[in-house]
Amino acid sequence: MPYKKVTHVIFDMDGLLLDSEKVYEVIISEIAQRYGRVYTNEVKMQLLGTPEPVTAQLAVKGMDLPITPEQFLKEYIEGTNIHLAHPDLFAGAEKLIRHLHKHNVPIAVATSSSYDAIAVKTQHYKELFSLFHHICSGSSDPEVKRGKPNPDVYLVCASRFADKPNPEQCLVFEDAPNGVIGSVRAGMQVVMVPAESTSEELRKPATLVLKSLTEFKPELFGLPPFNE
C-alpha cells in the first residue's frame, strides 16, 4: 500500500512512548478489587486512550462499580501520583523522537492525559519531552471539546504547529483503538503499535500496524531515513 508523504508527526503518549498502560491496569484493577469487581480486557479496550473523565464514566458503567465517576476519578488520580512517577520508555521511542527533531521534522504530543498527569509521568524525561514543539492534553485543554475517539485533540494539536499543516500532512503514532479511530476521523494517516491483546478487528482502521516503534521506516512516509 502506498503511503502519502507527511511533514509533521503527532505522538500519543501512554502505551506508545511511555510504558504506562500496564501501570494504569494495576491502578484500575486495584479500584475494581476494592469494590469486588474485575477489570476485564473488554472494559480495558473501551477505556484505552480516553480522557480521564470519560475513563471514569466508562469504568464505573462497564464494571458496575458502586461509586460515582467523580469518586473513581479521585482514586484513579491518587493512584497515578503514586505509581506513575517513573514509567519506562518503549523501545525505539527515544531514537525516533531524536531522529525527527534532528532533521527538523515538527513533532508534538496529543494525549488524553491531563496536564497534571503529564507533569508526573515526564518528570524524569524533561529534556526528551522538551524536543516536542508542544503537548496537547485531551483531558484539560479548553480547546479540546471531546476526547478520543473523536478527532478534536489531533486537530487542535495540528493547529498549534507554527505553520498550521493540513491534517493529511500529519502522521500520528497510536497504540489505542480509540486513538486510531480519532486520527482517521481527523483525516490523518496513523501508525498503530497495539498491545498484544488488541484484536485484529480493532487494528483494521490503522494505516500501518507495527509490533514496535523499532520497526518504523520513516522513508515510507517521505520522512528522513535512519542512517544505518
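Cut-offs applied
Residues numbered from 1 in each chain as written. Predicted model: local features only at pLDDT ≥ 70, side-chain atom pairs only at ≥ 80, totals over all residues. Heavy atoms only, no water. Helix = DSSP H or I, 4+ residues; strand = E, 2+ residues; numbered from the N terminus. Buried < 20%, exposed > 50% of the residue type's maximum accessible area, 1.4 Å probe, protein only. Contact = heavy atoms within 4.5 Å. Areas by Shrake-Rupley, 256 points an atom, 1.4 Å probe, with all protein chains shown as cover. Lys, Arg positive; Asp, Glu negative; His and termini not counted. Charge placed at Lys NZ, Arg CZ, Asp CG, Glu CD. Axes fitted to C-alpha atoms, helices over the stretch in contact; angles between N-to-C directions. Left-handed = near helix turned anticlockwise from the far one by under 90°. Nonpolar A, V, L, I, M, F, W, Y, C, P; charged D, E, K, R; others polar. Pairing = 2+ DSSP bridges. Right-handed = clockwise from strand over helix to strand, strands pointing away.

- Within an unreviewed UniProt entry, the label attached to the protein chain reads Pseudouridine-5'-phosphatase, and the organism entered is Photinus pyralis.

## Focus on the overall build of the protein chain
(1) Moving on: Looking only at helices and strands, the protein chain features ten helices and six strands.
(2) Moving on: Principal-axis analysis of the C-alpha atoms places the extent of the protein chain at approximately 50 × 35 × 35 Å.
(3) Moving on: Expressed as a percentage of its 228 residues, the buried residues of the protein chain come to 53%.
(4) Moving on: At a minimum sequence separation of 6, the contacts of the protein chain that also span at least 24 residues come to 67%.
(5) Moving on: Total accessible area on the protein chain is roughly 10700 Å²; 54% of this is exposed by carbon and sulfur atoms.
(6) Moving on: In the protein chain, 23 side chains carry a positive charge and 29 a negative one; their mean positions are 3 Å apart.

## With respect to the packing of helix α3 (residues 52-62) against helix α4 (residues 69-83)
(1) Moving on: For the pair α3 and α4, interaxial distance at closest approach is 8 Å and the crossing angle is 115 degrees. In this structure, the crossing between α3 and α4 has a hand that is right-handed. For the pair α3 and α4, contact is made by Glu52, Pro53, Thr55, Ala56, Gln57, Ala59 and Val60 and by Pro69, Phe72, Leu73, Tyr76 and Ile77, respectively.
(2) Moving on: Grouping the constituent residues of the contact of α3 with α4 by class yields nine nonpolar, two polar and one charged.

## Looking at the pairing of strand β4 (residues 170-174)
(1) Moving on: Across the five residues of β4, five count as buried, placing the element largely inside the fold.
(2) Moving on: Pairing between strand β1 (residues 8-11) and β4: four bridges, direction parallel. Opposite Phe11, over in β4, you have Phe173 as the bridge partner.
(3) Moving on: In the sheet, β4 pairs with strand β5 (residues 189-192) via four bridges, with the strands oriented parallel. Directly across from Leu171, in β5, lies its bridge partner Gln189.
(4) Moving on: The parallel pair β4 and β5, bridged by helix α9 (residues 177-185), forms a crossover whose chirality is right-handed.

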